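# Geometric and topological summary
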Amino acid sequence: MSETIATALLHALKARGADRIFGIPGDFVLPFFRVIEDSDILPWHTLSHEPGVGYAADAAGRINCTLGVAVVTYGAGALNMVNAVAQAYAEKSPLVVISGAPGAGEGELGLGLHHQVKTLNSQLAIYQELTCAQAVLDDPETAPQEIARVLDAARNLSRPVYIEIPRDLVNVACAPVPPFVLAPSNPEGARACALEIMAKLKSAEKPAILVGVEARRYDLEDKISALCKKLGIPVATSFMGRGLLAGRDLPLVGTYLGSAGEDLPARAIEQADSLLMLGVIMSDTNFGVSGKNIDMRAAIQALDRNVAFAHHRYPGISLESLVDALGEIAEPVGHATPNYTPQYARGLPDDETRLKPSHIAMAVNDLFDKYGRMPIASDVGDCLFTGLEIEDTEFVAPGYYASMGPGVPAGMAINAVTGKRPIILVGDGAFQMTGWEIGNCRKYGWSPIVILFNNKSWEMLRVFQPGPKYHDLDDWHYAEIARHLGGRGTRVSTCAQLKSALEQAIDDTTSFQLIEVMLERGETSETLAKFASAIREMSVLKDE
Ligand code: S1T
Ligand code: MG
């Protein structure tokens, strides 16, 4: 089949699992956008601001364990999306950024082009810092191999990549893109590594396993669950890995949050004399509030195709090949393991009790009991900590890079990709940033349920720095605006009002539902309060 650079790229994205495209056109990318619509190879959605495009495309990849795709114009578009791509890089999300670019001869006019920064290559240079592979498709002869190289890097390394298409080459003929090539594995190295890990786990008094975000990025939850069940030792998920392994048959002890979380996972992880970490990002949010520093000499870290022991490492070992090798030799390590069933609060009172953040978690747990679990997209703020008090479910949130803004766009993407109505947890500060993307639901028929924590405050900052007035936000009456954006808005202040608003939201699938929960400044979820006091304690300890 004869291809053009544009159709070859779109077919290659689809062949590697990309489900849809999010984007905003501009004159440098109009030719490519035209092919996206006319070819119908992948469904597409335009949003209103490039940060939202980046967050939505990132979430589309995360929820589906595949490539997310964002298409933007050169300069004003692509550079407007930098923060969202940085978040995808930090959190190991395989986001494909495709930017239109000036045509080959345009730079020779000797004029500065509109949307140009310093030089015509400035954007590529900036994106080299945010992605694991880049290509400029300026030669139809090499374009197919270049596309394959970059898209395969996104899949194999689970990081964002960058592709630039000069607008005068979009419809130039080229060969089809070669099929996906899995990065070469090292079965012998994986087997040797697995034998060493098994020996350490068997000789340990208190072995434990910590599972992180790579388990989801490489779609390994089933394999890791089966391995953990076979080994029979305590398993916790990291803060970023929250929701992983939920509802499966294995000795899960909960989400590890150090001294800010439950005691059971904290003890299992911090007292382990052999800790196997599968796909865990070594970040402050994952380990920042450890009751005591985890003894990394006793830890084995499998991350980024590398398995590191205290004083040596096995390079080129993918997480999947390690889990497969361990699965072949795993035997019960013989330690009794607690049958952990997380306790999530239920039974929201149906009365005039004024709402506090943790009531929202209670209300959602009651809703899940009655109607079944729903996927959740959460923004940064107390909504993220409140989300930790909600029953395990598919959960997309910026648990490490922690930029505000992804909540609403990510929830919309989850609705689009899964066809399931998501719950979106977002604070008023974050909603002021990207919440307005919700106005795009009507044209695509999406109907997420948005729970907006309106405390008229950047409350999470106030928790860490009480006093300044600059944490105060004005009350924008978000529920009243919802109707003009194509949805339904309800403002609630009491438990009974929240209960009824959620019932009404579940019943009305015709549009997005925005439930604006009025909260007092100074009121936080129990989890954020624990997190903050753990951090204060840590800083006090450090001062001693
Ligand atoms: N800007 C962006 C894009 N991301 C950020 N994370 C911040 C600034 C800093 C920041 C937080 S938490 C927070 C800010 C400004 C306040 C969030 O306010 P809101 O959404 O209303 O939620 P809540 O009131 O529950 O805190 C983190 C610490 O970096
Ligand atoms: Mg707030």
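To be clear, the structure that these remarks concern was listed above.
In what follows, the accompanying structure is described. This structure is a prediction, so every number in the text was calculated from the model and none was measured. Each chain carries its own residue numbering, running from 1 in the direction its sequence is written. Numbering of ligands from 1 and lettering of chains from A proceed in the order in which they are written. It should be noted that, the model being predicted, local features are given only for residues of pLDDT at least 70 and side-chain atom pairs only at 80 or more, the latter also being counted only at that level, while totals for whole chains, interfaces and linings use all residues. Hydrogens are left out, water is left out, and the side-chain values use all remaining heavy atoms of the structure.

## Overview of the coordination of the magnesium ion (ligand 2)
Heads up, the rule is: For Na, K and Ca the donor cutoff is 3.2 Å, while for all other metals N, O and S atoms count as donors only within 2.8 Å; water does not appear among the atoms, so some sites may look incomplete. Where helices and strands are cited, they refer to DSSP runs of H or I of at least four residues and of E of at least two residues respectively, numbered from the N terminus.
Protein coordination at the magnesium ion (ligand 2) comes from D428 (OD), N455 (OD1) and S457 (O), with a distance range of 2.1 Å. Here the donor residues of the magnesium ion (ligand 2) are spaced in sequence according to D-x26-N-x1-S. Of this pair, D428 sits in helix 16 (residues 428-434) while N455 sits in the loop between strand 19 (449-454) and helix 18 (459-464); the two residues are 27 residues apart in sequence, bridging distant segments of the chain.

## Describing the pattern of salt bridges
Convention followed: What makes a salt bridge here is a side-chain nitrogen of Lys or Arg within 4 Å of a carboxyl oxygen of Asp or Glu, nothing more. Exposure is judged per residue with a 1.4 Å probe applied to protein chains only, and the accessible area is read against the type maximum: over 50% gives exposed, under 20% gives buried, and values in between give partly exposed.
Here the structure, examined in full by the defined rule, presents 33 salt bridges. Here R16 makes a salt bridge to D152, at a shortest N to O gap of 2.7 Å. You can see R16 sitting in the loop between helix 1 (5-15) and strand 2 (21-24) and its partner D152 sitting in helix 6 (residues 143-157), a full 136 residues away along the chain. With a relative accessible area of 2%, R16 lands in the buried category. As a salt-bridge pair, R167 and E106 come within 2.7 Å of each other at their nearest N and O atoms. Of this pair, R167 sits in the loop between strand 7 (161-166) and strand 8 (173-174) while E106 sits in the loop between strand 5 (95-101) and helix 5 (122-128), and the two are 61 residues apart along the sequence. Connected through shared salt-bridge partners, E459, R462, K469, D472 and R521 make up one network.

## Quick word on the site of ligand 1
Heads up, the condition is: Only heavy atoms are used to decide nearness, and a residue is near a molecule or strand if one of them lies within 4 Å of it. N or O atoms within 3.5 Å of each other form a polar contact, as long as, within protein, one can give a hydrogen and the other can take it, and as long as residues adjacent in sequence are counted only when both atoms are side-chain atoms. Gly is put with the polar residues, along with every residue not named as nonpolar or charged; the nonpolar set is Ala, Val, Leu, Ile, Met, Phe, Trp, Tyr, Cys and Pro, and the charged set is Asp, Glu, Lys and Arg.
Around ligand 1 sit 16 residues, and of these D382, D428, G429, S457 and M460 come closest. At a separation of 2.8 Å, an oxygen atom of ligand 1 approaches a polar backbone atom of D382. One nitrogen or oxygen atom from the main chain of E459 is found 3.0 Å from an oxygen atom belonging to ligand 1. Residue assignment for the shell around ligand 1 shows that the elements contributing at least two residues are helix 16 and helix 18. The dominant element in the shell around ligand 1, judged by the number of residues it contributes, is helix 16, at four residues. Taken together, the residues of the shell around ligand 1 sort by class into seven nonpolar, six polar and three charged.

## Points about the side chain of R216
Inclusion rule: Counting rule applied: Lys, Arg positive; Asp, Glu negative; His and chain ends not counted. It only takes one pair of heavy atoms within 4.5 Å for two residues to be counted as in contact.
In this structure, R216 sits in helix 8 (residues 214-217). Among buried Asp, Glu, Lys and Arg side chains, R216 stands out as unpaired, with E221 the closest opposite charge at 4.2 Å. With near-sequence residues (within four places) excluded, R216 lies in contact with R62, C65, E221, M240, R242, G243, L244 and F395.

## Overview of the sheet that holds strand 6 (residues 134-136)
Spelled out, the test is: By the convention used here, strands pair only if DSSP detects at least 2 bridges between them. Each axis is a line fitted through C-alpha atoms, taken for helices only over the stretch in contact, and angles between the N-to-C directions span 0 to 180 degrees.
The strand order 3-2-4-5-7-6 describes an open sheet built from six strands, whose pairing is parallel. For this open sheet the edge positions go to strand 3 (44-46) and strand 6, each flanked by a neighbour on one side alone. Averaged over all adjacent pairs, the angle separating strand axes in this sheet is 20°, with direction ignored. Sheet topology places strand 6 next to strand 7; three bridges connect them, and they run parallel. Pairing of V136 across the sheet is with E164, part of strand 7.

## A look at the packing of aromatic side chains
Threshold: Pairing of aromatic rings covers Phe, Tyr and Trp, the last counted by its six-membered ring, and requires centre-to-centre distances within 6.5 Å; plane angles under 30 degrees mean stacked, over 60 mean edge-to-face, and any other angle means tilted. By the criterion adopted, a ring carries a charge over it if an Arg CZ or a Lys NZ lies within 6 Å of its centre and within 35 degrees of its normal.
Per the stated rule, a full pass over the model turns up eleven aromatic pairs. Site record: aromatic cluster; members linked through ring pairs are F431, W436, W476 and Y478. One cation-aromatic arrangement involves R155 over F180; the distance from NZ or CZ to the ring centre is 4.5 Å. The ring of F395 has R242 sitting right over it, with the charged end atom 5.2 Å from the ring centre.

## Here we look at the state of the cysteines
Rules: Throughout, disulfides are identified as pairs of cysteine sulfur atoms within 2.5 Å of each other.
Taken as a whole and judged by the stated rule, the model has zero disulfides. Residue C65 stays outside any disulfide, its sulfur separated by 17 Å from that of C228, the closest cysteine. Overall, the relative accessible area of 25% leaves C65 in the partly exposed class.

## Focus: the pairing of strand 9 (residues 207-211)
With five of five residues buried, strand 9 lies mostly within the body of the structure. As paired elements, strand 9 and strand 12 (residues 274-278) share five bridges and run parallel to each other. Bridged to L210 within strand 12 is M277.

## Considerations on the environment of P166
Here P166 lies in strand 7. With a relative accessible area of 7%, P166 lands in the buried category. Here the alpha-carbon distance between P166 and P375, two residues 209 residues apart in the chain, equals 38 Å. Sequence-distant contacts of P166, defined by excluding residues within four places in its chain, comprise A101, P102, G103, L137 and D138.

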